[in-house]
Amino acid sequence: MTGESASGASMVSVVIPTRNDAAMLAACLDLLSRQTRPADEIIVVDNASSDNTAAVCSAAGVRRILVDVPGIPATTAAGFDAATGDITARLDTDSRPPADWLERVEAILGAAGPLSLVTGPGEFYGGRRWIRWAGRHVFLGGYFKVVGFVLGHAPVYGSNFALRRAVWQAIGGSVVRNNAEVHDDLDISYHLRPEMAVIYDPALVMGVSARPLTSWPSFRRHIRMSLVTFRVEFKEEPPLRRRLERARARRSLEAQRRRAGTDDGG
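In this text the structure is predicted, and so the values were computed from the model without any measurement. (Residues numbered from 1 in each chain as written. Predicted model: local features only at pLDDT ≥ 70, side-chain atom pairs only at ≥ 80, totals over all residues. Heavy atoms only, no water.)

A. Expanded view of the overall build of the protein. Check the secondary structure of the protein and you find nine helices and nine strands. On the principal axes, the C-alpha backbone points of the protein span a range of 65 × 45 × 35 Å. The buried share of the protein, taken over its 266 residues, is 47%. Pairs at least 24 apart in sequence give 78% of the contacts found in the protein among residues at least 6 apart. Here the protein displays about 12800 Å² of accessible surface, and carbon together with sulfur accounts for 56% of that area. One finds the centroid of the 33 positive side-chain charges in the protein at a distance of 7 Å from the centroid of its 29 negative side-chain charges. (Helix = DSSP H or I, 4+ residues; strand = E, 2+ residues; numbered from the N terminus. Buried < 20%, exposed > 50% of the residue type's maximum accessible area, 1.4 Å probe, protein only. Contact = heavy atoms within 4.5 Å. Areas by Shrake-Rupley, 256 points an atom, 1.4 Å probe, with all protein chains shown as cover. Lys, Arg positive; Asp, Glu negative; His and termini not counted. Charge placed at Lys NZ, Arg CZ, Asp CG, Glu CD.)

Here you go:
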């Protein structure tokens, strides 16, 4: 049986894709061990690391699965496939979850529908102050605003989001898994269906490393991956058509709910 504990409460899984980032992973796992609402399972998806990632996982007592296909899309998807919880939360190795992160994620999704996701912003650590400020307000602020406009709903942020099991069961077969140049969080966001709801909670803040923003090659790679991701998504479904179809679908769903409410009241 998956999804619920013996007491009937929701089970919460945590998925962390990683590659040769053992020190950051150890810090992340330590913070997860201090959660006010402990994870029911933690899955580290190891993308062919050559450092001591295996030893870190063993010391923390978490499940480690191996993925040879290069790239975060394949790694994240394998973790979601393996997760058994009704709720699966997604972190990066450099994420620094506050002690009540899983407790709040469970509360938010527990009060939402079965086709819900929750995400929040990042608070950058490391690097210079102006880099941290730009990361929060320009890099992430732009991501949520620009991508949110393209999608017609909030996107999920890979270092800080969670979804209900039913969401992954519906979209897991269609997400990109074999292109290492695709951002998995943007790809997941693009594949969400009209009846699925992304809850953006500005107070659900996650500590994330500023290291992707501290060098031009790293920042340029992120921009290149974003362009590749948009090209892949737009080829599959043009953004204007996506928005129009989802707007029509949402109106239809709302009409069905109103009719159901009228029938119940009658």
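B. The arrangement of empty space enclosed by the protein in detail. Tallying each qualifying case throughout the model produces one cavity of 30 Å³ or more. Estimates place the volume of the largest cavity at around 40 Å³. As for the largest cavity, its lining consists of P73, T76, A77, W168, V175, V176, D184, D187 and I188. Classifying every residue of the lining of the largest cavity gives six nonpolar, one polar and two charged. (1 Å grid on protein atoms, 1.4 Å probe; cavity = no way out; pocket = protein on both sides within 12 Å on 5 of 7 lines; lining within 4 Å. Points joined across faces, edges and corners; volume = space filled by probe spheres on them. Nonpolar A, V, L, I, M, F, W, Y, C, P; charged D, E, K, R; others polar.)

C. Region of interest: the packing of aromatic side chains. Applying the stated criterion across every chain yields a total of nine aromatic pairs. Taking the centre distance of 6.4 Å and the plane angle of 55° together, the rings of F139 and F219 count as tilted. Taken together, the positions of F139 in helix 5 (residues 129-151) and F219 in helix 8 (residues 216-236) put the pair 80 residues apart, joining distant regions of the chain. The exposure class of F139 is partly exposed, given its relative accessible area of 28%. Relative accessible area serves as the criterion here: at 27%, F219 is assigned to the partly exposed category. Three or more aromatic residues joined by ring pairs make a cluster, and in this case those are Y143, F144, Y157 and Y200. Here R242 stacks its cationic end above the ring of Y190, 4.7 Å away from the centre of that ring. Geometry around F149 places R243 over its ring, the cationic atom sitting 5.2 Å from the centre. (Phe/Tyr/Trp six-rings, centres within 6.5 Å; stacked < 30°, edge-to-face > 60°. Lys NZ or Arg CZ within 6 Å of the ring centre and 35° of its normal.)

D. Structural view of the pairing of strand 7 (residues 161-164). Where burial is concerned, the two faces of strand 7 agree: the one with F161 and L163 and the one with A162 and R164 are both buried. Relative to strand 7, strand 4 (residues 87-90) runs antiparallel, the two sharing four bridges. Note that in strand 7 the partner of T88 across the bridge is L163. Where strand 5 (residues 116-119) and strand 7 come together, three bridges link them in antiparallel fashion. Bridge pairing in strand 7 places V118 opposite A162. (Pairing = 2+ DSSP bridges.)

E. Seen up close, the nonpolar core. Among the nonpolar cores identified, the biggest contains 38 residues, and V14, I16, L29, L32, L91, W101 and V105 are the most heavily contacted of them. Here this core takes six residues from helix 5, the largest share from any one element. Those residues in contact with L91 that sit more than four places away from it in its chain are V14, V15, I16, P17, C28, L32, P97, W101, G158, S159 and M206. (Core = buried A, V, L, I, M, F, W, Y, C linked by side-chain atoms within 4.5 Å.)

F. View of a positive patch on the surface. Positive charge collects at one region of the surface, where R243, R248, R250 and R251 lie side by side. Within the secondary structure, R250 sits in helix 9 (residues 239-265). (Patch = residues over 30% accessible without salt bridge, like charges linked within 9 Å, V, L, I, M, F, W, Y side chains within 5 Å. Salt bridge = Lys/Arg side-chain N within 4 Å of Asp/Glu carboxyl O.)

G. The arrangement of the packing of helix 1 (residues 22-32) against helix 2 (residues 53-60) in detail. Where helix 1 meets helix 2, the closest approach of the two axes is 9 Å, and the angle between their N-to-C directions is 15°. What the angle tells us is that helix 1 and helix 2 run roughly parallel. Every pair of crossing elements has a handedness; the one defined by helix 1 and helix 2 is right-handed. Taken together, the residues of helix 2 that come into contact with helix 1 (itself represented by A22, L25, A26 and L29) are T53, V56, C57 and A60. Per-class residue counts for the contact of helix 1 with helix 2 are seven nonpolar, one polar and no charged. (Axes fitted to C-alpha atoms, helices over the stretch in contact; angles between N-to-C directions. Parallel < 35°, antiparallel > 145°, perpendicular 65-115°, else oblique. Left-handed = near helix turned anticlockwise from the far one by under 90°.)

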